[in-house]
Amino acid sequence: MSIRAAVIPTPDQPVEIRQFPEPGLEPGAALMRVEYSEVCGTDVHLLHGQLPGAPYPLIPGHINVGVLDAVNGPVADAFGDPVSPGDLVTFLDVHETCNNCWFCLVAKATTRCPHRRVYGITYGADEGLLGGWSEKVYLKPGVKIMRLPDGLSPELAIAGGCALPTAFHGVQRGQVGLGDHVVVQGSGPVGLMACALSRLSGAQQVIVIGAPQLRLDIARKLGADHVLSIEETTTQERLEAVRGLTGGRGADVTIEATGNPNAIPEGMQLTRDAGVYVVVGQYTDAGPVELNPHHDLNRKHLDVRATWGIDFSHMYKSLHTLARFRDALPWAEVISRFFALEEANEALVGVESGRVVKAVLCPNR
Ligand SMILES: [Zn+2]
Ligand SMILES: [Zn+2]
C-alpha cells in the first residue's frame, strides 16, 4: 500500500503529491498516522529555498500530531514508557542531537549541536517519510515521542503548534514575570503565542505590535491589553505610544517575532533602560540593519538575548501549559483553516500573504 505525501521538488516549484511505498520499520522505529501537520512560516522559507542546506525533494511538516500506526519491537516515549499503536502522540522534530559534542556537553546549548537534524526541514524525501505533510511519518529509533497531556485535544495541540514552544523559549529567555510590562513585536503565530504566554506569566501589561487587523484582534483575545498597527503608525508614533503606556520608560521585556530586521533597532528603543530584549523572529537571513550601539545598547544598559530553535523541554512544558490553561484563552482562534494534502500550495500562499494566521494540513482527510 502506498503513502501519499506533499513534496517540494525543488525551490520555487509548486508542491506536488507523490506516492511512497509503505516503509519497513527498523527495530525501535514507529510509523505515525498524521492527523494534523502545521504549515509554518518556515515552510514558506523552504518553498523559496531560503534555508541553506535544506535537501530537496523535501516533505515539509515539522510539527505533527497523530496516532501511532505500527511499531517494530518495544518503542518508548521520551521518558521510557512504552507506546503502542493507537496512542495519540506528538514528537520533537529535532533528532540526532548528539549529547557528545562541545556545544551539547560544555555550552549546554543543544540547539546549537552541529549534528541535530530536523523533521520536515533538514531531512529530505530521499531519506524517507521524514516530514508530516504525509499520510504517515516515519519515527526513527530514538525520536522523542510525547503523549498528549490529559485533556489536550489534537486540534488544540496543533493550534499551539510550532509557535507555542518557540514563543515559550522566548518568554522564558526574557524571564517575563508578574508585574512586567511586555511588548511583543509581530502578530504572526509566534507573536500571538508570546502574547498569550506573557499574559499567563502575570505580565502587568502586554502590548502587541503587528498587522493586519485580523491578527491584532486575535492578539486582544489572547491577552493583549493594547495593540498597535504597524500599517497605521510610524516608528516614532509606536515609540511614543509604548512610552506613554509605560510611565515614559518603555517595556521591561520586549520579544521580537517579526522576521523583519528593521524591527531590531526599534525593539531596542521600545525597551526601557536596563530592560531585556529577546530576538526570536530572525530565523532566516533577511539582511543587515543599522543601529546605534551607544544609544541603543551601551548607554541603555540593555540586555539582548536570542533563541535558536527549541529543545524537548520547550515542547513538553508548553504543551502541558496549554493543557492546564486550555480554557483560559481561546487558543484555537489562531487556526484560520484546515487544508487537505492536495491544497498545500493554497495553504502556503495563504501563510505567505498573511491572509491566514495559521494553516493546518490534514493529510488523511
Ligand atoms: Zn551535540
Ligand atoms: Zn515551524
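A. Seen up close, the pairing of strand β16 (residues 271–279). Note: strand β15 (residues 251–256) against β16, five bridges, orientation parallel. Across the sheet, Ile255 pairs through a bridge with Val278, a residue of β16. Tracing the backbone out of β15, into helix α8 (residues 263–270) and back to the parallel element β16 gives a crossover that is right-handed. Crossover β16 to strand β17 (residues 303–306) through helix α9 (residues 293–298) is right-handed.

B. Region of the structure containing the coordination of the zinc ion (ligand 1). Distances from the zinc ion (ligand 1) to its protein donors, Cys98 (SG), Cys101 (SG), Cys104 (SG) and Cys113 (SG), fall within 2.3 to 2.4 Å. Relative to the metal, the four donor atoms surrounding the zinc ion (ligand 1) lie at angles of 104 to 119°, and the coordination shape comes out tetrahedral. Counting along the primary sequence, the residues that act as donors to the zinc ion (ligand 1) give the motif C-x2-C-x2-C-x8-C. Taken together, the residues Cys98 in the loop between β8 (94–95) and α2 (102–105) and Cys113 in the loop between α2 and β9 (117–118) connect sequence positions 15 residues apart. A relative accessible area of 22% places Cys98 in the partly exposed class.

C. Main features of the sheet that holds β15. Read across the open sheet, the six strands follow the order β14-β13-β12-β15-β16-β17; overall the sheet is parallel. One side of each edge strand has no neighbouring strand; the edge strands of this open sheet are β14 (226–229) and β17. Mean inter-strand twist for the sheet, computed between neighbouring axes without regard to direction, equals 15°. In terms of strand pairing, β16 meets β17 through four bridges, oriented parallel. For Val278, the partnering residue across the bridge sits in β17 and is Arg305. Packing of helix α7 (residues 235–245) onto the sheet brings it into contact with β12 (181–185), β13 (205–210), β14 and β15, and relative to β14 it is tilted by some 170°.

Here is what the cut-offs are and how they apply
Residues numbered from 1 in each chain as written. Chains lettered and ligands numbered in written order. Predicted model: local features only at pLDDT ≥ 70, side-chain atom pairs only at ≥ 80, totals over all residues. Heavy atoms only, no water. Pairing = 2+ DSSP bridges. Helix = DSSP H or I, 4+ residues; strand = E, 2+ residues; numbered from the N terminus. Right-handed = clockwise from strand over helix to strand, strands pointing away. Donors = N, O, S within 2.8 Å, 3.2 Å for Na, K, Ca; no water. Tetrahedral: all angles 85-135°; square planar, octahedral: opposite > 155°, others 65-115°. Buried < 20%, exposed > 50% of the residue type's maximum accessible area, 1.4 Å probe, protein only. Axes fitted to C-alpha atoms, helices over the stretch in contact; angles between N-to-C directions. Contact = heavy atoms within 4.5 Å.

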